[in-house]
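# What the coordinates show
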Amino acid sequence: MSRNRLLAALAASLILSAGIVAAQEQPAAPAPVDRAPATPTLQTPAAQTPAAQAPAAPGGAQPALNGAIGEEPSISLTLPHDLSPWGMFMNADIVVKAVMVGLAFASLVTWTIWLAKSLEVFGGKLKARRAADAIGNAATLMQAGRELGHSGGPGALLVWAAEEERALSAGALDHTSGDGFKERVASRLSRIETAASRRMSRGTGLLATIGSTAPFVGLFGTVWGIMNAFIGISQAQTTNLAVVAPGIAEALLATAMGLVAAIPAVVIYNVFARSIAGYKQILADASAGVERLVSRDLDFRTVPPAAAMPAE
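If you check an unreviewed UniProt entry, the chain appears there as Biopolymer transport protein ExbB from Mesorhizobium hawassense. Per UniProt, the chain carries the Function (unreviewed entry) text "Involved in the TonB-dependent energy-dependent transport of various receptor-bound substrates. Protects ExbD from proteolytic degradation and functionally stabilizes TonB." Database annotation for the chain, UniProt heading Sequence similarities (unreviewed entry): "Belongs to the exbB/tolQ family."

### Regarding the overall build of the chain
The helix and strand inventory of the chain stands at ten helices and zero strands. Put simply, the chain has 312 residues, and 28% of those count as buried. Taking the contacts inside the chain whose residues are at least 6 apart along the sequence as the reference set, 76% of them involve residues at least 24 apart.

### A few points about the packing of helix H4 (residues 94–137) against helix H5 (residues 141–148)
Two elements in contact, H4 and H5, have axes whose closest approach is 8 Å; the angle formed by their N-to-C orientations is 145 degrees. The two elements H4 and H5 cross, and the hand of that crossing is right-handed. Within the contact between the two elements, H4 uses Ala131, Ala134 and Ile135 and H5 uses Ala144, Glu147 and Leu148.

### Some remarks on helix H8 (residues 179–200)
Its 22 residues give H8 an end-to-end C-alpha distance of 32 Å, which sits within 8% of 32 Å, the value for a rise of 1.5 Å per residue. When we look at burial in H8, the residues that qualify are Phe181, Val185, Leu189, Ile192, Ala196, Ser197 and Met200. Projected down its long axis, H8 shows its buried positions confined to an angular sector of 130 degrees, all on one face. Set apart from the buried face of H8 by more than 90 degrees, the exposed residues are Glu183, Arg191 and Arg198.

### Brief notes about the environment of asparagine 91
With respect to the helices, strands and loops of the structure, asparagine 91 is situated in helix H3 (residues 85–91). It is 8.9 Å that separates the C-alpha atoms of asparagine 91 and proline 246, two residues lying 155 residues apart in sequence.

### Section: the UniProt feature "transmembrane region" (unreviewed entry) in the chain
On the UniProt side, "transmembrane region" (unreviewed entry) is annotated at positions that read residues 94–116, 206–231 and 251–272 here. Between the C-alpha atoms that bound residues 206–231 there is a distance of 37 Å. The span itself is 100% helix and 0% strand. End C-alpha atoms of residues 251–272 are separated by 33 Å, and the span's content is 100% helix alongside 0% strand.

### Describing the nonpolar core
In terms of nonpolar packing, the biggest core is built from 31 residues, with Ile135, Leu141, Leu148, Val159, Val290 and Val294 touching the most fellow members. Looking at this core, the elements with two or more residues in it are H4, H5, helix H6 (154–168), H8 and helix H10 (241–301). Beyond its immediate sequence surroundings of up to four residues, valine 159 is in contact with Ile135, Leu141, Ala144, Gly145, Leu148 and Val290.

### Some details on the packing of aromatic side chains
With the rule as written, the count across this model stands at two aromatic pairs. With centroids separated by 5.8 Å and ring planes inclined at 80 degrees, the aromatic side chains of tryptophan 111 and tryptophan 114 adopt a geometry described as edge-to-face. Placement of both tryptophan 111 and tryptophan 114 in helix H4 is noted, with a separation of three residues, approximately one turn of the helix. Considering the side-chain rings of phenylalanine 220 and tryptophan 224, the 6.2 Å spacing of their centres and the 45 degrees angle between planes classify their relative orientation as tilted. Separated by four residues within a single helix, phenylalanine 220 and tryptophan 224 lie in helix H9 (residues 204–236), roughly one turn from each other. By relative accessible area, phenylalanine 220 is classed as partly exposed at 44%.

### What to know about the environment of serine 295
As for its position among the elements, serine 295 is in helix H10. On a C-alpha basis, the gap between serine 295 and leucine 141 in space is 9.6 Å, while along the polypeptide they are 154 residues apart.

### Description of H9
Along its 33 residues, H9 runs 48 Å from first to last C-alpha, staying within 8% of the 48 Å computed at 1.5 Å per residue. Where H9 bends most, the angle comes to about 40 degrees, and this point is threonine 213, followed within four residues by the proline proline 215. Along H9, the positions that sit buried rather than exposed are Thr204, Leu207, Ile210, Gly211, Ala214, Gly218, Gly221, Thr222, Gly225, Ala229 and Ile233. Two residues or fewer after H9 comes glutamine 237, characterised by a positive phi angle close to 55 degrees.

What counts, and at which threshold
- Residues numbered from 1 in each chain as written.
- Predicted model: local features only at pLDDT ≥ 70, side-chain atom pairs only at ≥ 80, totals over all residues.
- Heavy atoms only, no water.
- UniProt positions renumbered as here; feature names shortened; annotations may be inferred.
- Helix = DSSP H or I, 4+ residues; strand = E, 2+ residues; numbered from the N terminus.
- Buried < 20%, exposed > 50% of the residue type's maximum accessible area, 1.4 Å probe, protein only.
- Contact = heavy atoms within 4.5 Å.
- Axes fitted to C-alpha atoms, helices over the stretch in contact; angles between N-to-C directions.
- Left-handed = near helix turned anticlockwise from the far one by under 90°.
- Expected span 1.5 Å × (residues − 1).
- Arc of directions from axis to C-beta.
- Core = buried A, V, L, I, M, F, W, Y, C linked by side-chain atoms within 4.5 Å.
- Phe/Tyr/Trp six-rings, centres within 6.5 Å; stacked < 30°, edge-to-face > 60°.
- Bend = angle between axes of the 7 residues up to and from the residue.

Dropping the structure here:
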């Protein structure tokens, strides 16, 4: 009887052990889901703090607050171009670049004309002043011709023209009063004087053109650049100064270059206008001196040979 009880207890213990092992191997059932509607909660200021102020999670992992609270990543707006003059030129529109290159070339032409014309005006005034002094100090046309020799220049050309006209009219001077001869000499002298003045004024018209048109050319480049800047603003859909400033600065650079080309051109043109006016006055004095010598020579032709002649 005791033996049967022992076998029954052993069988019961084996069954209990098998049940425990089966229960451990069976996967756990999913937890019941609470399908009740979620109650809206208000976020506290601490929950609305940006990700940069949130404490770091253990183990170095950063909490993804941007995705959690629905914030967009911040955009860093910086100046997209180098705002030095060369950087603005390189980043400018092709039309604005063409305007700037044209204005730079105009400025180069202005300073080239200034250098060449300064030397020409200085040399011309020096020769004309020497010729006027020689003509004023001479007693006869022949003496003035010897004084000038082969010096060249408009002053010497005035004397040569008068001598040539006297040689051409030598046969008629003994039978006329000489008024026609004086008119012919005056005509030739005025033509020589006008040609010399016109030759000295070459290049100044270009200075006047540059001085009057360069600001408007630069303004055209500015208007074109600002149009492109506004187009860029509409495409970027922002009026942030960091986006707007480079395009406007590039546009204004064209106006600045137009002024840089125009202001020296106007100043240099005015300086040359005064210098050339002085040169014309010296030529006029030399021409008047030649006419006086011609008139004096004609008067002495009617004087008897015994009369005293001016020393040559």
